[in-house]
Amino acid sequence: MISPPVVLERENLIVRASFEGSVVLQLQGVIRDSSPDQWLSPLMEDVEDAVQRGAATMVVDLQELEYMNAVGFRILAGWLKRLCCRVPPCEVTLRASRRHRWQAMALPALRGVVGRELQVEHL
Amino acid sequence: MSEARYYLVMPCDWERIEQVRRSVGPCLRTIYGNRAICDAVAMSSAELLENAMKHGAAEQGLVHFSLKAAEDGVTLRVRNPAQGQPATREALRAVIEWINSFEDPYQAYVARLTEICEQGGGEGGLGLVRIAYEGRARIQCYISTNGIEVEAIFTHLED
């Protein structure tokens, strides 16, 4: 069963998720909340359900995510590590933009920590 | 010589952090030609304000933010007039000492990320580590009767 697409809208942020075959997450705007896990958790659970049902790949498009605070990045990092290390693993591709310094610096470091199941494309 | 100064005494209101972050970048672009340092200082402004507001500013209600930018570097200071709990003060001091113990802040960044990924640890200073790594800044803290002040000095102004 394929879950319908999800669109989450918050002030300064839009998250779109689709679950056809592979999972595609697109984030646009700014993540700056003190507790983003409160509204991210249901979406992360949807993604984990899709992976559990057989989606073996996921694309997380961050090109239009201008800024993410450390709280948000901690949640993203821990979640990606869990997805990439599950059995069987989910292969995740992060699409990043060189326009955003935080992405150019943080994402290669994250790839080194998570492992080869995580790929980073700088576009 | 070009110079910019930015000083705010602001309420402990999380919503205002984004306004500061968004205004710091354009302010710095009047001095620096490259966008990298502007983005790094803007990010660092937001992270230091988040820390100040999370750790005790509500006791006093006001956070002091200052930025001085000149051709030889940027000095960013955020002061929280609240003393906070002794454990909070010591944890802050310990995190900064830990970061400064690494020759290359990239190593500190990877170590903190590894801890988060492997042990599901809390944020535990990731904001400060990213200031040191992404901003290539030197971080210090000062604890006195005036409160807790964290300073980040940026001298790597090239891309």
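In case you missed it, the structure is sitting above this.
What comes next is a walk through the structure. Note that the structure is predicted; figures quoted are calculated from it, not measured. Residues take numbers from 1 onward in each chain, read along the sequence in its written order. Whichever chain is written first is A, and whichever ligand is written first is 1; the rest continue in order. This being a predicted model, a pLDDT of at least 70 is required before a residue's local features are given, and a value of 80 or more before pairs of side-chain atoms are given or counted; all residues contribute to the totals for chains, interfaces and linings. With hydrogens and water set aside, each side-chain value is computed from the structure's full complement of heavy atoms.

### Overview of the packing of aromatic side chains
All names here are of chain B. Where we set the bar: Pairing of aromatic rings covers Phe, Tyr and the six-membered ring of Trp, with a centre-to-centre limit of 6.5 Å; geometry is then stacked below 30 degrees between planes, edge-to-face above 60, and tilted otherwise. Secondary structure elements are taken from DSSP: a helix is a run of H or I of four residues or more, a strand is a run of E of two residues or more, and numbering for both begins at the N terminus. A simple rule labels every residue: compare its accessible area, found with a 1.4 Å probe on the protein chains alone, to the largest value its type can have, and call it buried under 20%, exposed over 50%, or partly exposed in between.
Under the definition given, this model contains five aromatic pairs over all chains. Ring geometry for Tyr-106 versus Tyr-133: centroids 5.5 Å apart, planes at 55°, classification tilted. Residue Tyr-106 is located in helix H4 (residues 105-119), and its partner Tyr-133 is located in helix H5 (residues 126-134); the two are separated by 27 residues in the primary sequence. Here Tyr-106 falls in the partly exposed class, since its relative accessible area comes to 34%. Ring centres of Tyr-109 and Tyr-133 lie 4.6 Å apart, and the angle between their planes is 35°; this geometry places the pair in the tilted category. Within this pair, whereas Tyr-109 is found in helix H4, its partner Tyr-133 is found in helix H5, the two being separated by 24 residues in sequence. Of the residues examined, Tyr-109 reaches a relative accessible area of 1% and is grouped as buried. Put simply, the rings of Tyr-106, Tyr-109 and Tyr-133 touch in pairs and so form one group of aromatic residues.

### Observations regarding the packing of helix H1 (residues 15-29) of chain B against helix H2 (residues 35-54) of chain B
Residue and element names in this part refer to chain B. Operational definition: Only the contacting stretch of a helix is used when fitting its axis, a line to C-alpha atoms as for every element, and angles between N-to-C directions run 0 to 180 degrees. Convention used here: angles under 35 degrees read as roughly parallel, angles over 145 as roughly antiparallel, angles from 65 to 115 as roughly perpendicular, and any remaining angle as oblique. Note on convention: near helix rotated counterclockwise from far helix by under a right angle means a left-handed crossing. Clockwise means right-handed. In this description, contact between two residues means that some pair of their heavy atoms is separated by no more than 4.5 Å.
At a closest axis distance of 8 Å, the pairing of H1 and H2 adopts a crossing angle of 155°. Judged by the inter-axis angle, H1 sits roughly antiparallel to H2. You can see that H1 and H2 cross each other, and the crossing is right-handed. Of the residues in H2, those in contact with Ile-17, Val-20, Arg-21, Val-24, Gly-25, Leu-28 and Arg-29 of H1 are Arg-35, Ile-37, Cys-38, Asp-39, Val-41, Ala-42, Met-43, Ser-45, Ala-46, Leu-49, Glu-50 and Met-53.

### Structural notes on the sheet that holds strand E2 (residues 13-18) of chain A
Residues and elements named next belong to chain A. The condition is simple: Strand pairing is defined by DSSP finding a minimum of two bridges between the two strands.
Sheet architecture is open: six strands sit in the order E1-E2-E3-E4-E5-E6, paired in mixed fashion. Looking at the sheet topology across the chains shown, the edges are occupied by strand E1 (6-10) and strand E6 (118-122). For this sheet, the mean inter-axis angle between neighbouring strands, taken without regard to orientation, is 15°. In this sheet, E6 lies alongside strand E5 (residues 91-96) in parallel orientation, the contact comprising five bridges. Within the sheet, the bridge partner assigned to Ala-96 lies in E6 and is His-122.

### Quick look at the side chain of Gln-103 of chain A
Residue and element names in this part refer to chain A. Here is the rule we go by: Residues adjacent in sequence count toward polar contacts only when both atoms are side-chain atoms; beyond that, a polar contact is any pair of N or O atoms within 3.5 Å, and within protein one must be able to donate a hydrogen and the other to accept it.
Looking at the element boundaries, Gln-103 is found in helix H3 (residues 101-114). Judged by its relative accessible area of 0%, Gln-103 is buried. Here the side chain of Gln-103 touches Leu-65 through a polar contact of 3.0 Å, landing on its backbone oxygen. Among residues more than four places away in sequence, those in contact with Gln-103 are Leu-62, Gln-63, Leu-65, Ala-96, Ser-97, Pro-108 and His-122.

### Brief notes about the side chain of Asp-33 of chain A
For Asp-33 of chain A, the position within the fold is in the loop between strand E3 (23-31) and helix H1 (37-52). Of note is the side chain of Asp-33 of chain A, whose polar atom sits 3.2 Å from the side chain of Trp-39 of chain A. Non-local contacts of Asp-33 of chain A, meaning those with residues more than four positions away in its chain, are made with Arg-10, Trp-39, Asn-69 and Val-71 of chain A together with Trp-14 of chain B.

### Focus on unusual backbone geometry
The amide bond that connects Val-87 of chain A to the next residue, Pro-88 of chain A, takes the cis arrangement and shows omega of -5°. On the secondary structure map, Pro-88 of chain A appears in the loop between helix H2 (70-85) and E5. For Arg-136 of chain B, which is not glycine, the phi torsion reads 50° and is therefore positive. Tracing the chain through its elements places Arg-136 of chain B in the loop between H5 and strand E4 (137-144).

### Overview of the sheet that holds strand E1 (residues 3-11) of chain B
Residues and elements named next belong to chain B. Read across the sheet, five strands follow the order E1-E2-E3-E5-E4 without closing on themselves; strand pairing throughout is antiparallel. The open sheet terminates on both sides in strands that have one partner only, identified here as E1 and E4. Adjacent strand axes in the sheet meet at a mean angle of 10°, parallel and antiparallel pairs treated alike. The pairing of E4 with strand E5 (residues 147-154) spans eight bridges and is antiparallel. Of the residues in E5, the one forming a bridge with Gln-140 is Glu-151.

### Focus on the environment of Ile-75 of chain A
All names here are of chain A. Mapped onto the secondary structure, Ile-75 falls in helix H2. Relative accessible area serves as the criterion here: at 11%, Ile-75 is assigned to the buried category. Apart from residues no more than four positions distant in its own chain, Ile-75 is found in contact with Pro-36, Asp-37, Leu-40 and Met-44.

### Remarks on the pairing of E1 of chain A
For a regular strand, the rule is simple: side chains alternate between the two faces of the sheet. Residue and element names in this part refer to chain A. For E1 and E2, the ladder comprises five bridges, and the chain directions are antiparallel. Bridging from a neighbouring strand, Arg-10 pairs with Leu-13 of E2. Here E1 hands over to E2 after two residues, with Asn-12 in that stretch at a positive phi of 70°.

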